[in-house]
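Chain by chain, the residues run as shown.
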Amino acid sequence: MAEILQILILGLALGGVIALMGSGLSLVFGVMRIVNLAHPALIIGGAYITYLAFKAFDIDPIAMLPVAAVTMAAVGVVLYRLLFQREARSAKYSEMTVLLTFALAMMVEGLLGSLFTNTQRVTSPDYATAAFFIGDVFIPKGQLYAGLVSLAIIAALSLFLKYSRLGYAIRATTQNREAAELLGVNVQFISVLAFAIGIGLAGAAGSLVSFVFSFFPAKHWEWIAMLMSVVVLGGMGSILGTVVGALILSVVAAFVGTWIGATWSTLTFFLALFIILLVRPQGLFGEKPEMA
Amino acid sequence: MTKLLEVTNITAGYGDGPAIIDGAHLTVEPGKVHCIIGPNGAGKSTLLKAICGMLSIRKGDVVFKGERLNGLRPDQILRKGICFVPQERALFAKMTVRENLRMGGFILDDKKELERRIEGILERFPILRERADQHAGTMSGGQQQTLAMARTLIIKPDIVMLDEPSLGLAPKVVQEMFDIMKMMSAEGVTVLLVEQNALMGLKNADWGVVLDLGRTLFEGPAATVLADPRIQELYLGGKKAA
Amino acid sequence: MTVTLQDSSASAVIEARRTYNEKLSRKTDQTRATWFPLALLALLAALPLLQFVGNYNYVLHLVLFTASYVAMASSWNILGGFAGYVSLGHAVFFGVGGYFSGMLLARYGISTLITAPLAGLVAAAIGYGVGLVTLKVRGPSFIISSIALLMIARILFDNWHFIGGANGLTLPTNDLTVQWAKLPYYYAMLAIAAFTVWSAYKIKHSKFGLGLRALSKDEIKAESAGIDTRFYKVVAFALSAFFVGMAGAVWGEYLTYLRPNIFLLILVSANMVLMCILGGKGTIAGPVIGAILIVALNELFVATMGASEINILGTGLVMAIGLMFFPLGLVGTLARSGKLPRILNWD
Ligand SMILES: Nc1ncnc2c1ncn2[C@@H]1O[C@H](COP(=O)(O)OP(=O)(O)OP(=O)(O)O)[C@@H](O)[C@H]1O
Ligand SMILES: [Mg+2]
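Residues numbered from 1 in each chain as written. Chains lettered and ligands numbered in written order. Predicted model: local features only at pLDDT ≥ 70, side-chain atom pairs only at ≥ 80, totals over all residues. Heavy atoms only, no water.

Draft legend 1. Structural context of the coordination of the magnesium ion (ligand 2). All names here are of chain B. Within the protein, the magnesium ion (ligand 2) binds to Ser45 (OG) and Gln87 (OE1); these donor distances fall in the range 1.9 to 2.1 Å. Of this pair, Ser45 sits in helix 1 (residues 44-51) while Gln87 sits in the loop between strand 6 (82-85) and helix 3 (97-104), placing them 42 residues apart in sequence. The class for Ser45 is buried, based on a relative accessible area of 16%. (Donors = N, O, S within 2.8 Å, 3.2 Å for Na, K, Ca; no water. Helix = DSSP H or I, 4+ residues; strand = E, 2+ residues; numbered from the N terminus. Buried < 20%, exposed > 50% of the residue type's maximum accessible area, 1.4 Å probe, protein only.)

Below, the structure written as structure tokens:
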């Protein structure tokens, strides 16, 4: 019983972080129909920002989170203007943009690799190795903090989407871009905004990832299918769905990892993706995305 | 005759693709119903999209109340008072009727005023009141079109452009749509209508425009268009005049 | 105010309609130049003669390397170019081919040159099976499923002790002298490349190829025109795995070792895609030209900057530029503007 509780807690804490990692992906897809394969690479970008600040100035990774988020959001605006703005109305848009984001992922990986080499890195604040004990169950502080911060950020995002005028516009654009445009939403601005928020979320996730996982530039390939399965399971474009998908898959992966073997826990996510493909013939994104 | 909207010799297309509209012109007079007819693929929808700012205008001018609209975004043009209901109706399928109406007033800043206007609309369209909390996507085609048209009234626009409001509707329902359109017109809204059913469209209009291959072929009083033997032969399916 | 329709304007429109219809029906009449690839092949076949006058192993290596990518990109093109399904997981078939034949070589000493067709068949069978699941979806969904496939294969290969796990296997070398050691693989790869290009040509001009191109434009229409799209797609997937598997088989023995991080690399997949995009998706000459361009570019990056990270960065950059500014690729862009030189028209 204690073992199950233990696995559950670890899975949920990690699930929170994965939810944050996936939420930006989901948001960007919802508003712009861009399947951003570069999202995990940009998360790693955020992780390096945090790592550098930690190594050079001993700044706490969680304290660094806003900086990483804002920096990456700015990067997002630049990327949007450079890469995606002119494609927005092309006919083969969605397929084109996937390949474009794939190319972007390689560029980010190559750039980070040239700057920081492919050595494994991790930030090590005190809490990363500490734990709370409740009876037999231990809760690693690092994962707990990361999970809680993630969920707090997602809650703030949800409130913003639900109650602010801009959030309203983002949701309308997610549902029906043309209709939103015709009813007076400046969808170009909304697109840049959503992209910036999405990549900003990647930056924020990067800060937390930096002490939860070890990372190196090429690590993002492992994450892309993981995040895709999470986001797809929850319904692409739905933030709440992403959270649910992340928590479920992460818990399943935690059980697989403990009972079958650590190697196979990653496989959980990929297999989930294929199972979704099997049971949802209309495709991963075939449905109109739900609202947050 | 004062002109509300004047389109002169515009060229427009999708992305950097070929020009779909090339040499189209159009005059819109306040308070009247204008009907654009033409075969499939003539560029009727494209013309409306160009006017409302969804496509960029490569050449020519769109002038509204003496002001050039070229290069403005759709949301800016909407704020000037031109509202567009596209062929696909642009509803939010997963929002309720009331939420759709609320989105219709997105550009209004006064929330109280917005709610008052929504009430007004629901008052006038009992079918919408009946279904106020139903998702728009689950309504019938006619109800959806009614919602799309009614929604434009929330911001009290000068011009409403309707792209084939009769598309896919039963004849009886089509008549209802034309009735709504006439009601809008009677309230002083200027209507610019694209209609596949040319005969029906022109009979309900004051002004007719024939568009083919992206250019305006003819523009004049609806009765004249209806009576012209060549137009009858080419576009109204009539063979009687030779 | 009365306006009547002018005679002239009506006839002008009728005239315009007529020319418009003609333009649609007009076929582009371009003579192809099949002699050029044949001459190129003959030239390359004679190239090893250089070994009599000096050590040109590096040149042979470059040609062999290019030939392997010509085969892989042309093979990828059958699914990605003709049928319009972009796969980023084709490295899996490269690995399957390499490991299948490599294991036969390691265990029973049978050269991969003999077992390569078998490796191709195994790759094709796996492609067929995977295609049954993933080809239900298209566009972004399919692309992602293909990446997931590669990730799954990587985990399996890394942890499968029978085939050496992450450390891989060493394969026996042949007993030719250094001067001639490359030759068997050189000719084998050249033959595979030529066979792939020829097959791609045959497929493109068959009824099957026509069906693929139809479904790449509009699957529903193709379906209603009586094409069994599901069967077509899955067979296209199998075919496009087949040649990649063959190339992998020979490549393994040529390298003399097998390792997941050499074969199951996203960069290998990316290169196939990139070559087709740069050269021209769906054309016959495109993947060949793309392969030559990318290998040359790779050499340049590695020679001038000497780091694989820079190579990844460069590959991404070239891909982004190609996608944004020449989405039709070299051959496609030239063909559209009617400027395609005859020697590049192999279609
Ligand atoms: N999104 C688009 N991208 C590229 N070309 C388009 C697009 N939409 C329409 N076209 C092309 O523009 C031309 C005119 O289309 P348009 O929709 O304006 O015709 P229409 O007169 O409204 O026809 P219909 O009566 O069928 O609605 C057609 O040849 C069509 O192929
Ligand atoms: Mg139309």
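Let's pick the thread back up.
Draft legend 2. Expanded view of the sheet that holds strand 5 (residues 67-68) of chain B. Residue and element names in this part refer to chain B. Reading across the sheet, the four strands line up as 2-1-4-5 and stay open at both edges, with antiparallel pairing between neighbours. A strand with exactly one partner marks an edge of an open sheet, and here the two such strands are strand 2 (19-28) and strand 5. The sheet contacts of helix 1 involve strand 1 (5-13), strand 2 and strand 4 (57-64), and relative to strand 2 the element is tilted by about 70°. (Pairing = 2+ DSSP bridges. Contact = heavy atoms within 4.5 Å. Axes fitted to C-alpha atoms, helices over the stretch in contact; angles between N-to-C directions.)

Draft legend 3. Up close: the interface of chain A and chain B. Taken together, the contact between chain A and chain B spans 20 residues of the former and 26 residues of the latter. When chain A packs against chain B, the two sides together hide about 2,200 Å² of surface, and 59% of this comes from carbon and sulfur. In terms of surface lost to chain B, no three residues of chain A exceed Arg165, Leu182 and Leu183 of chain A, which account for 33% of the buried area on that side. In this assembly, chain A and chain B are joined by three residue pairs in polar contact (both at pLDDT 80 or more). Elements with a contribution of two residues or more to the side of chain A that touches chain B: helix 6 (165-175) and helix 7 (177-182) of chain A. When the residues that make up the side of chain A that touches chain B are grouped by side-chain class, the tally is nine nonpolar, five polar and six charged. (Buried area = accessible area lost by both parts, 1.4 Å probe. Polar contact = N/O pair within 3.5 Å; in protein donor to acceptor, adjacent residues only side chain to side chain. Nonpolar A, V, L, I, M, F, W, Y, C, P; charged D, E, K, R; others polar.)

Draft legend 4. Examining the domain arrangement of chain B more closely. Residue and element names in this part refer to chain B. Domain annotation for chain B reports domain 1 (1-81 + 157-242) and domain 2 (88-155). Taking the mean C-alpha position of each, domain 1 and domain 2 sit 24 Å from one another. With 16 residues of domain 1 at the contact, the number on the domain 2 side is 12 residues. With both sides pooled, the region where domain 1 packs onto domain 2 buries about 1,300 Å², and carbon together with sulfur makes up 73% of that total. Counting across the interface, domain 1 meets domain 2 through one salt bridge. (Domains from an automatic or database assignment. Salt bridge = Lys/Arg side-chain N within 4 Å of Asp/Glu carboxyl O.)

Draft legend 5. Looking closely at the interface of chain A and chain C. With 42 residues of chain A at the contact, the number on the chain C side is 39 residues. Our enumeration of links across chain A and chain C arrives at zero salt bridges. Applying the counting rule to chain A against chain C returns one residue pair in polar contact (both at pLDDT 80 or more). For the side of chain A that touches chain C, the secondary structure elements donating two or more residues are helix 3 (61-84), helix 4 (93-116), helix 9 (220-234) and helix 11 (262-279) of chain A. Among the elements that line the side of chain A that touches chain C, the one with the most residues is helix 4 of chain A, at 15 residues.

Draft legend 6. How the structure looks around the pattern of salt bridges. Residue and element names in this part refer to chain B. Scanning all chains against the criterion turns up 18 salt bridges over all chains. Taking the shortest distance from any N to any O, the salt bridge between Lys3 and Glu6 comes out at 3.7 Å. Residue class for Lys3 comes out partly exposed when judged on its relative accessible area of 46%. Notably, a salt bridge pairs Lys80 with Glu67, separated by 2.9 Å at the nearest N-O pair. Of this pair, Lys80 sits in helix 2 (residues 74-80) while Glu67 sits in strand 5; the two residues are 13 residues apart in sequence, bridging distant segments of the chain.

Draft legend 7. The site of ligand 1, seen in detail. Residues and elements named next belong to chain B. Taken together, 13 residues form the shell around ligand 1, and within it Asn40, Gly41, Ser45, Thr46 and Gln196 come nearest. Within the backbone of Gly41, a nitrogen or oxygen atom sits 2.8 Å from an oxygen atom of ligand 1. Gly43 has a polar backbone atom sitting 2.9 Å from an oxygen atom of ligand 1. In isolation ligand 1 has 630 Å² of accessible area, and contact with the protein removes 61% of it. The biggest single contributor to the shell around ligand 1 is helix 1, with three residues. Split into classes, the residues belonging to the shell around ligand 1 amount to four nonpolar, seven polar and two charged. (Near = heavy atom within 4 Å. Areas by Shrake-Rupley, 256 points an atom, 1.4 Å probe, with all protein chains shown as cover.)

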